[in-house]
Amino acid sequence: MKLRFPLATLAGVITWLLVSGITLLLLQRLPSPQPMLAASLLLLLYGVCFVFLTQEQHPLGLTGRYGRLLLLTALVAAFTLQWVLPTGYFDYLAILTVIWVSLLPHIMSQQKAMILTALIVILWFSLQAYLEQRSLWISAALYGSFHLFAVLMQTAIKAETEARAELTEKHRQLLAAQQLLQLASRAEERNRIARDLHDLLGHHLTALTIQLQVASYQCDGEAKLQVEKSLQLARLLLSDVREAVSAMRDSSELDLKQLFAPLLQHLPDSLQVELDIAPKLKASSLNQAQHLQYLVQEAISNTLKHANASCLWIHAREAEQGIALEIKDNGQLKANWQPGNGLIGMRERVAECGGKLHLAADAGSLALQIWLPQAGVADV
């Protein structure tokens, strides 16, 4: 069974529901008037913010365009709750800030998250101590340890997730390299067989043809007729051998769909890839196939790491005696984005192939337009 939300999100939502239910229940039992409506709205605002923040592919997600603003809104809602609710009954509301700080490791380093967590704990219990006019250093120490534990656990979970993603990416790269090695091995064996057919069988058939031609001049009658028939068969067989050799040398298994297939394995469910390859489109050499694999592989990695996209489109077709490759996603570029090492490496590889690479912003996302000449890179 596939869950709609990650387990961490589900646990946070359940905790928020418990805190909200207990808070509203206690408010009903306290003498009127109580800020029931204000508390309900603030709790609802906090919960909605948390749910959106934990959505990976959403502008309001933690890494989305409005994620930081929504994170601040949730914190303000929690502090406002402490301010408007009657004192002495709702010490457990610090649980809301425990949930809040657990999101920090996903947008900043562990050190910054720990410093910000300590600051939040100090502000929270300083405000509570001011409202209740009593010392709360024991509660602050206990809840503070819970806050730091939440940050450390989420840091460890994030590190494990990143390590698993990196391992998956290396596995895809290994599958692609293994496929190229198999194709290179088959191509080498095919060329060896073609050479043997040409040098051995073709040589002997040529010699046989010459001998039969000489024999046809030295006999007559029924024997001459049989020799000429044998000569025709020998010539036909020699022609078939030459066609077979040419076909073996010209045949190619570098189909682009087959080349890109290993790169699309084991991708996260959050990323859907649409592959649109022109029928029977093939790379013209192993070197070109390797470069094409690298370009698509790097584009997928960039989408997973930086684009926060849910869809990736890969289109390839013949154009201007070459291969035109277009790769784009539905992610959102940062306003001040700059090409990183990945894009620089892609540009270098395209230049090595004698091709062209153009970067374009398409509806806020990055689109790569690549053209490689059909000749590819000269084999070494």
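Nothing here was measured: the structure is a model prediction, and the numbers come from that model. (Residues numbered from 1 in each chain as written. Predicted model: local features only at pLDDT ≥ 70, side-chain atom pairs only at ≥ 80, totals over all residues. Heavy atoms only, no water.)

Novice: Hey, could you go over the overall build of the protein chain for me, with residue numbers and the actual values?
Specialist: The secondary structure content of the protein chain amounts to 10 helices and five strands. A total of 380 residues make up the protein chain; the buried ones form 39% of that total. The contacts of the protein chain with a sequence gap of at least 6 include a subset with a gap of at least 24, amounting to 71%. Only carbon and sulfur atoms are counted for the fraction: they give 61% of the accessible area of the protein chain, which is about 22000 Å². (Helix = DSSP H or I, 4+ residues; strand = E, 2+ residues; numbered from the N terminus. Buried < 20%, exposed > 50% of the residue type's maximum accessible area, 1.4 Å probe, protein only. Contact = heavy atoms within 4.5 Å. Areas by Shrake-Rupley, 256 points an atom, 1.4 Å probe, with all protein chains shown as cover.)

Novice: Just give me the short version of the packing of aromatic side chains, but keep the residues and values in it.
Specialist: The tally for this structure, following the rule as stated, stands at five aromatic pairs. For the pair F125 and Y143, a centre-to-centre distance of 5.8 Å together with 35 degrees between the ring planes defines the contact as tilted. With F125 in helix α5 (residues 110–132) and Y143 in helix α6 (residues 137–217), this pair connects stretches of sequence that are 18 residues apart. Across the pair, exposure class does not vary: F125 and Y143 are buried alike. In textbook terms, an aromatic cluster arises when at least three aromatic residues are bridged by ring pairs, as seen for Y89, F90 and Y92. The ring of Y294 has R349 lying over it, and the distance from NZ or CZ to the ring centre is 3.9 Å. The ring of W371 has K356 lying over it, and the distance from NZ or CZ to the ring centre is 5.9 Å. (Phe/Tyr/Trp six-rings, centres within 6.5 Å; stacked < 30°, edge-to-face > 60°. Lys NZ or Arg CZ within 6 Å of the ring centre and 35° of its normal.)

Novice: Describe in detail the confidence of the model for the protein chain, supporting the description with residues and values.
Specialist: This prediction gives the protein chain a mean pLDDT of 81; 90% of its residues lie at or above 70. Confidence over residues 1–5 falls short of pLDDT 50; this stretch has four contacts with residues more than four positions distant or in other chains. (pLDDT = per-residue confidence, 0-100.)

Novice: So what's going on with the pattern of salt bridges? Residues and values would help.
Specialist: Applying the stated criterion across every chain, the model contains three salt bridges. Across the salt bridge formed by R134 and D91, the nearest N and O atoms sit 3.5 Å from each other. Linking R134 in the loop between α5 and α6 with D91 in the loop between α3 (67–84) and α4 (94–101), this pair joins segments that are 43 residues apart in sequence. Owing to a relative accessible area of 29%, D91 belongs among the partly exposed residues under this scheme. When salt bridges with common partners are traced through the structure, they connect D91, E132 and R134 into a single cluster. (Salt bridge = Lys/Arg side-chain N within 4 Å of Asp/Glu carboxyl O.)

Novice: If you had to explain the pairing of strand β1 (residues 272–277) to someone new, which residues and values would you point to?
Specialist: The sheet contact formed by β1 and strand β2 (residues 311–318) spans six bridges and is parallel. The residue bridging Q272 from the neighbouring strand is C311, located in β2. The β-α-β motif built from β1, the intervening helix α9 (residues 286–307) and the parallel element β2 has left-handed crossover chirality. (Pairing = 2+ DSSP bridges. Right-handed = clockwise from strand over helix to strand, strands pointing away.)

Novice: Could you give an account of the environment of L81, with specific residues and numbers?
Specialist: By the secondary structure assignment, L81 is in helix α3. Sequence-wise, L81 and P35 are 46 residues apart; in three dimensions their C-alpha atoms are separated by 9.8 Å. Once residues within four sequence positions are removed from consideration, L81 is found in contact with A39, L42, L43, L93 and L96.

Novice: So what's going on with unusual backbone geometry? Which residues, and what values?
Specialist: Its identity is not glycine, yet Q133 carries a phi of approximately 55 degrees, on the positive side. Here Q133 shows up in the loop between α5 and α6. The exposed category is assigned to Q133, whose relative accessible area is 63%.

Novice: A description of the packing of helix α1 (residues 7–29) against α4 should follow, citing residues and the corresponding values.
Specialist: Between α1 and α4, whose axes approach to 10 Å, the crossing angle comes to 165 degrees. Judged by the inter-axis angle, α1 sits roughly antiparallel to α4. The two elements α1 and α4 meet at a crossing, and its hand is left-handed. Between α1 and α4, the contacting residues are G12, T15, W16 and V19 on the first element and I95, L96 and I99 on the second. Partitioned by chemical class, the residues of the contact of α1 with α4 number five nonpolar, two polar and no charged. (Axes fitted to C-alpha atoms, helices over the stretch in contact; angles between N-to-C directions. Parallel < 35°, antiparallel > 145°, perpendicular 65-115°, else oblique. Left-handed = near helix turned anticlockwise from the far one by under 90°. Nonpolar A, V, L, I, M, F, W, Y, C, P; charged D, E, K, R; others polar.)

Novice: If you had to explain the nonpolar core to someone new, which residues and values would you point to?
Specialist: If you look at the biggest cluster of nonpolar residues, it comprises 46 residues, and the most contacted ones within it are Y46, L71, L81, L93, L96, W100 and F125. Sorting the residues of this core by element identifies α1, α2 (36–53), α3, α4, α5 and α6 as the ones contributing at least two each. The element best represented in this core is α3, accounting for eight residues. Setting aside anything within four residues of it in sequence, one finds Y46 in contact with W16, A74, A77, A78, L96, T97, I99 and W100. Judged by nonpolar contacts, the second largest core, of 34 residues, contains L256, L263, I314 and I370. (Core = buried A, V, L, I, M, F, W, Y, C linked by side-chain atoms within 4.5 Å.)

Novice: Explain a nonpolar patch on the surface residue by residue, including any values.
Specialist: Among the surface-exposed residues, L7, L10, I14, L18 and I22 lie close enough to one another that they form a single nonpolar patch of about 480 Å² accessible area. Here L10 shows up in helix α1. (Patch = residues over 30% accessible without salt bridge, like charges linked within 9 Å, V, L, I, M, F, W, Y side chains within 5 Å.)

Novice: Describe the pairing of strand β3 (residues 322–329), and please don't skip the residues or the numbers.
Specialist: Most of β3 sits out of view: six of its eight residues are buried. Where β2 lies against β3, seven bridges are found, and the strand directions are antiparallel. Within the sheet, the bridge partner assigned to H315 lies in β3 and is E326. As paired elements, β3 and strand β5 (residues 365–373) share seven bridges and run antiparallel to each other. Considered in β5, the bridge of E326 is made with Q369.

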